Amino acid sequence: MATTPSRITGAEGRGIVVRGDEIDTDRIIPARFLKTITFEGLENHLFEDDRKQLKERGQTHAVDRAEFQGASVMFVGSNFGCGSSREHAPQAIARWGIKAIVGVSFAEIFSGNSTMIGLPIATAAPADVERLMAAVDADPSVKCRVDLATKTATAGPVSVPLTMPESMRSALMSGDWDATSLLVDHYEQVENVAAGLPYVSGWN
Amino acid sequence: MARTLFQKVWDAHTVRVLPNGQTQLYVGLHLVHEVTSPQAFAELRERGWPVRAPERTFATIDHIVPTRAQSRPFADAMAESMTDALERNCRDYGIKLFDLASGSQGIVHVIGPEMGLTQPGMTIACGDSHTSTHGAFGAIAFGIGTSQVRDVLASQCLALSPLKVRRIEVNGALRPGVYAKDVILTIIGALGVNGGTGYAYEYAGEVFDRMTMDERMTVCNMSIEGGARVGYVNPDRTTIEYLRGRTFVPQGAAFDKAAAWWLGMASDPGAPYDDVIRLNGADIAPTVTWGINPGQSVAVNAKLPQPDETPAGDRAGLVEALEFMGFQAGQPIAGTKINVAFIGSCTNGRLSDLREAAHVVAGHHVAKNVRALVVPGSQKVAIAAEKEGLDQIFREAGFEWRGAGCSMCLAMNPDRLEGREVCASSSNRNFKGRQGSPTGRTLLMSPAMVAAAAISGEVVDIRSFPVRETATV
Ligand code: SF4
């Protein structure tokens, strides 16, 4: 995580398609890999159990497919990142090399956590997500782009409109996505609010 | 103007509106545990920031704690180093830590309420999605990620966007054998696992009015499984009486003042809601999950859904879940053989849960080939249960009686499923791999139903289970 946040306007590169709905954070990064006091190396365990189970059945998870190595934009289904609040999940995805995620819908804590680490999360209509996925599946080498300024995602010839909360978009684009510095400013205002709360100031 | 509790708490804690449109919200209570905090403390050190309000910050260890051999150093070196890091961080920054030697250690969402740290009208944050539990008291409690833990440590504030409020009204009376767990599983089943996205859930109506605080906590705990980051019940006399006399609650005249303020935070009559949902309490049955998310559940006497009677959007999920679980569409859930029974977690690891379960197991014995364990949610729960002799009832019935912690709710400690084991569990998540074996299977249900399943070796309807009435629990 950068100490001086930068402006994030989107992402560009190859795409990776991770199909399925309700992919929870236990699947993105299983709990046993949370036994760490840093976020380092989490990318090595991204989707680990899903990958192993597919392998046993002779199939290959997207993250293991040669054509998706080095991808920058991830395409996912609905309610992606539900479950545990572990920031280890977006950390693992970002550290694997992903610079933006486009999906049908995301769990709230997951999208908040992603924004906090400068990873843009955007949604598109289910049919549009499907078209983006199909374009990448058809030719994994196509250029994919997420553009926060125009709120569009492209995958080769396909271009679709994106939706994302304005607060998230402006935080990323202005470089304010790391809110800590803003929050620590003007602490006297915080103290004023605290003083107005009887459970802080005392019940007398 | 009439306001909801959510709006009142939000207004009272608003510091300012940030340039990106989010609200800077003051956090009244910050709870910290070993898993989601080390990276936050590391960044604080790196940036040279102090912890702004150590007196409003409390820590415990729960996720990685072994529930059997608890002497230090822990056998698992990584668990030891995480504990060590938390101890050092709390010492360096002057934060109160409820460690294993304190007598007050336990699951963060169990110990906050039981010590009276959790109070109505507060904003509460914790790096854990089940922080919604604390909403049972009429607090607005947010589960947050590690970067936000850093924010709260450094500023005692969060940058958040306001939520909409959905009132979920359940009236009528619950039938015998139906517990708080069944109520929330039914709500999640009805509204969907992402139905609550963008909402705070306000649980209201006769069913919640009559519930104990423990039961309200069970309901609010699982709000997040329905996609709602926040869930709450308006404070009432039940809330006040629960809090009276607890360690961190004011005493004497100050208590009366506090109680008046707390009650005043409840939603006003006529407050505006973004959505209202009504359910009938009498329609709720003992409920069991059969799939890989908490919305995939059925009444214990019902059959698993068929693909052709499932909405098109849920069909792929149904097929995936059936395949993972090794179940057939249309099969009954009752009679499903289990290998493991787990009673515990922040959902159902409180004294009243253990009482219910003990009442069921008294005079029976755990079925052959079933591994059964009871893990109290906190050291205080364990001590109180032992005083009542519940540990004896469980032990005599063939359950293991463990020390407090998260245990088999998520496998970050030695308690876990092996291989394809099926576990009847009183916890909150049935995700693939959640209980430690990537192929392990979880059936969520009330603690009483877990107890009955442990005895029977299979999923059974608690309503027809022969509870020994002679049992004195
Ligand atoms: S008991 Fe389970 S859900 Fe609750 S805090 Fe522990 S791991 Fe999380």
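In case you missed it, the structure is sitting above this.
All values derive from a computational prediction rather than experimental measurement. (Residues numbered from 1 in each chain as written. Chains lettered and ligands numbered in written order. Predicted model: local features only at pLDDT ≥ 70, side-chain atom pairs only at ≥ 80, totals over all residues. Heavy atoms only, no water.)

Novice: Give a description of the pattern of salt bridges that names residues and reports values.
Specialist: Residues and elements named next belong to chain B. Evaluated as defined, the whole model comprises 43 salt bridges over all chains. The closest approach of N and O atoms between R3 and D11, which form a salt bridge, is 2.8 Å. When its relative accessible area of 36% is taken as the criterion, D11 is described as partly exposed. Put simply, R150 and D151 hold a salt bridge, and the shortest N to O gap is 3.7 Å. (Salt bridge = Lys/Arg side-chain N within 4 Å of Asp/Glu carboxyl O. Buried < 20%, exposed > 50% of the residue type's maximum accessible area, 1.4 Å probe, protein only.)

Novice: I'd like a rundown of the interface of chain B and chain A, residues and numbers included.
Specialist: Think of interface size as the accessible area that goes away when the parts come together; that is how it is often given. Chain B puts 79 residues into the contact, and the matching count from chain A is 57 residues. Surface buried jointly by chain B and chain A totals about 5,600 Å² across both partners, of which 58% is contributed by carbon and sulfur atoms. On the surface where chain B and chain A come into contact, there are 6 salt bridges. Taking the shortest distance from any N to any O, the salt bridge between R47(B) and D178(A) comes out at 2.9 Å. Applying the counting rule to chain B against chain A returns 21 residue pairs in polar contact (both at pLDDT 80 or more). At 7 residues, helix α5 (residues 146-155) of chain B tops the list of elements feeding residues into the side of chain B that touches chain A. Residue composition of the side of chain B that touches chain A, grouped by class: 33 nonpolar, 29 polar and 17 charged. (Contact = heavy atoms within 4.5 Å. Buried area = accessible area lost by both parts, 1.4 Å probe. Polar contact = N/O pair within 3.5 Å; in protein donor to acceptor, adjacent residues only side chain to side chain. Helix = DSSP H or I, 4+ residues; strand = E, 2+ residues; numbered from the N terminus. Nonpolar A, V, L, I, M, F, W, Y, C, P; charged D, E, K, R; others polar.)

Novice: Tell me about unusual backbone geometry, and name the residues and values.
Specialist: Geometrically, the link from R72(B) to P73(B) is a cis peptide bond, its omega value of -10 degrees lying close to zero. With respect to the helices and strands, P73(B) occurs in the loop between β4 (57-60) and α3 (77-93). The phi angle at K151(A) is positive, at roughly 50 degrees, despite the residue not being glycine. By the secondary structure assignment, K151(A) is in the loop between β6 (144-147) and β7 (152-155).

Novice: Can you lay out the nonpolar core for me, pointing to particular residues and giving the numbers?
Specialist: Where a protein is soluble and globular, its nonpolar side chains tend to be buried together. Counting 163 residues, the largest nonpolar core has F80(A), I101(A), F394(B) and F399(B) as its most contacted members. At 8 residues, the largest contribution of residues to this core is made by helix α16 (residues 447-456) of chain B. Apart from residues lying up to four places away in sequence, F394(B) is in contact with I343(B), L354(B), A357(B), A358(B), V361(B), V374(B), F399(B) and W401(B). (Core = buried A, V, L, I, M, F, W, Y, C linked by side-chain atoms within 4.5 Å.)

Novice: Please provide a residue-by-residue account of the packing of aromatic side chains, values included.
Specialist: Overall, the coordinates contain 16 aromatic pairs over all chains when judged by the stated rule. Their ring planes at 65 degrees and their centres at 5.7 Å tell us that W203(A) and W261(B) sit as a pair that is edge-to-face. In this pair, W203(A) is assigned in the segment after α9 (198-201) and W261(B) in helix α10 (residues 252-264), connecting two distinct chains. The class for W261(B) is partly exposed, based on a relative accessible area of 22%. Members of the aromatic cluster, each reached through a chain of ring pairs, are Y199(A), W203(A), F255(B), W261(B) and W262(B). (Phe/Tyr/Trp six-rings, centres within 6.5 Å; stacked < 30°, edge-to-face > 60°.)

Novice: Help me get a handle on α10(B), residues and values and all.
Specialist: All names here are of chain B. In this model, α10 (13 residues) spans 19 Å end to end at C-alpha, consistent with the 18 Å of a helix rising 1.5 Å per residue. Considered for burial, the residues of α10 that qualify are A254, F255, A258, A259 and W262. Buried residues of α10, seen end-on, are gathered within an arc of 140 degrees and therefore sit on one face of the element. For α10, the exposed residues set more than 90 degrees away from the buried face come down to A253 and A260. As for α10, its buried residues are in contact with α9 (237-243). (Expected span 1.5 Å × (residues − 1). Arc of directions from axis to C-beta.)

Novice: Outline the site of the ligand, supporting the account with residue identities and numerical values.
Specialist: Taken together, H63(B), I107(B), H109(B), D128(B), H130(B), S345(B), C346(B), C406(B), C409(B), L410(B), N428(B) and R434(B) form the complete shell of residues around the ligand. For the shell around the ligand, the residue count by class is 5 nonpolar, 5 polar and 2 charged. (Near = heavy atom within 4 Å.)

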